[in-house]
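# Close look at the chain arrangement
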Amino acid sequence: MAMLNKTSTSHQIAMIAFLQDLLIRAIEIVWSNRYWMSWNLFLALIPLGLSVILFRGKAAHRMPSLVWVVGFLVFVAFLPNAPYILTDIIHLIRDIRTERSILIITLVYFPLYTAFLFAGFEAYVLSLINFGYYLRRRGWGRSIWVAELTLHGLSAIGIYLGRFLRFNSWDIVTRLDTLTTSLVEDVLGKAPFSIMLVTFAVIAGLYWLMKRTTLAVLTYHGAPCHYVPLPAASESSSASGVS
């Protein structure tokens, strides 16, 4: 009996030591990735914040002003930062190659990157849901899919410019000449176009899936998402009421 108790105590000590080492390693990994993950996630949340202000705030219930138009252009410029986070999976591949422990990869890296990628792309989904809500209030509900596909395409271009040519959203203002030259000389090539086409397909497919999942979750929990399709007559009357 004493032997069993001693064995059990040894196993408990070993388990506690293992969990302690795992926790320390997890903190080290999160800490070492804090700067670039926090920055990229911050950039991804900018269009979400703008979408709330522009498409669901008080400004959404008035006729668009010059300030609103400028805000919308900033929204479009920063929007690619949200799906851009998907390309950060290259960091996960690098970390997997350098990490020797399968447990660390499974219990730390995979959950960390899954949460990070999900948060970034969900910001993109919610941003477009808010934009769709605005279009529907204006009576343009039937054009939502066109607007979504257009923004998917612009985001695919933005992701290519950011990941491969290393441009930032603010370069539209600070380096417009260089950005324009790269668009003409580099982006219109055959290889870049293929990359952007694949990126567009991934964004569109993943958005279609996550939008429906998000709306289903919001509806299940009783959140007023205001995105249920309305009859054409209702849309027209809503638009006339807003105007």
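Placed above this text is the structure.
Before going into details, it helps to say that this report is about the structure given with it.

So, how was this worked out
Residues numbered from 1 in each chain as written. Predicted model: local features only at pLDDT ≥ 70, side-chain atom pairs only at ≥ 80, totals over all residues. Heavy atoms only, no water. Salt bridge = Lys/Arg side-chain N within 4 Å of Asp/Glu carboxyl O. Helix = DSSP H or I, 4+ residues; strand = E, 2+ residues; numbered from the N terminus. Buried < 20%, exposed > 50% of the residue type's maximum accessible area, 1.4 Å probe, protein only. Expected span 1.5 Å × (residues − 1). Contact = heavy atoms within 4.5 Å. 1 Å grid on protein atoms, 1.4 Å probe; cavity = no way out; pocket = protein on both sides within 12 Å on 5 of 7 lines; lining within 4 Å. Points joined across faces, edges and corners; volume = space filled by probe spheres on them. Nonpolar A, V, L, I, M, F, W, Y, C, P; charged D, E, K, R; others polar. Axes fitted to C-alpha atoms, helices over the stretch in contact; angles between N-to-C directions. Parallel < 35°, antiparallel > 145°, perpendicular 65-115°, else oblique.

## Structural notes on the pattern of salt bridges
If you walk through the whole model with that rule in mind, you get six salt bridges. Residue Arg-163 is joined to Asp-88 by a salt bridge in which the shortest nitrogen-to-oxygen separation is 2.8 Å. With a gap of 75 residues between them, Arg-163 in helix 7 (residues 144-163) and Asp-88 in the loop between helix 4 (81-84) and helix 5 (89-98) connect regions that are remote in the sequence. By the burial criterion, Arg-163 is buried, and Asp-88 matches it. Ionic pairing is found between Asp-95 and Arg-94, a salt bridge with its closest N-O pair at 3.1 Å. Since its relative accessible area comes to 41%, Arg-94 is described here as partly exposed. Via salt bridges that share partners, Arg-25, Glu-28 and Glu-99 belong to a single interconnected network.

## Overview of helix 2 (residues 34-55)
With 22 residues, helix 2 extends 31 Å between its outermost C-alpha atoms, agreeing within 8% with the 32 Å of an ideal straight helix rising 1.5 Å per residue. Along helix 2, the residues classified as buried are Trp-36, Met-37, Asn-40, Leu-43, Ala-44, Pro-47, Leu-48, Leu-50, Ser-51, Leu-54 and Phe-55. Here the buried face of helix 2 lies against helix 3 (66-78), helix 4, helix 5 and helix 6 (102-137).

## Comments concerning the layout of surface pockets
When its volume is computed, the largest pocket comes out at roughly 550 Å³. Lining the largest pocket are 25 residues, with Gly-158, Gly-162, Phe-167, Asn-168 and Ser-169 positioned closest to its centre. Every element with two or more residues in the lining of the largest pocket is listed here: helix 2, helix 3, helix 4, helix 7 and helix 9 (176-187). Examining the composition of the lining of the largest pocket, we find that seven residues originate from one element, helix 7, more than from any other. A per-class count over the lining of the largest pocket returns 15 nonpolar, seven polar and three charged.

## Observations concerning the packing of helix 5 against helix 6
Where helix 5 contacts helix 6, the axes come no closer than 10 Å and their chain directions differ by 170 degrees. Judged by the inter-axis angle, helix 5 sits roughly antiparallel to helix 6. Of the residues in helix 6, those in contact with Ile-89, His-91, Leu-92, Arg-94, Asp-95 and Ile-96 of helix 5 are Ile-105, Tyr-109, Phe-110, Tyr-113 and Leu-117. A breakdown of the residues in the contact of helix 5 with helix 6 according to their chemical character gives eight nonpolar, one polar and two charged.

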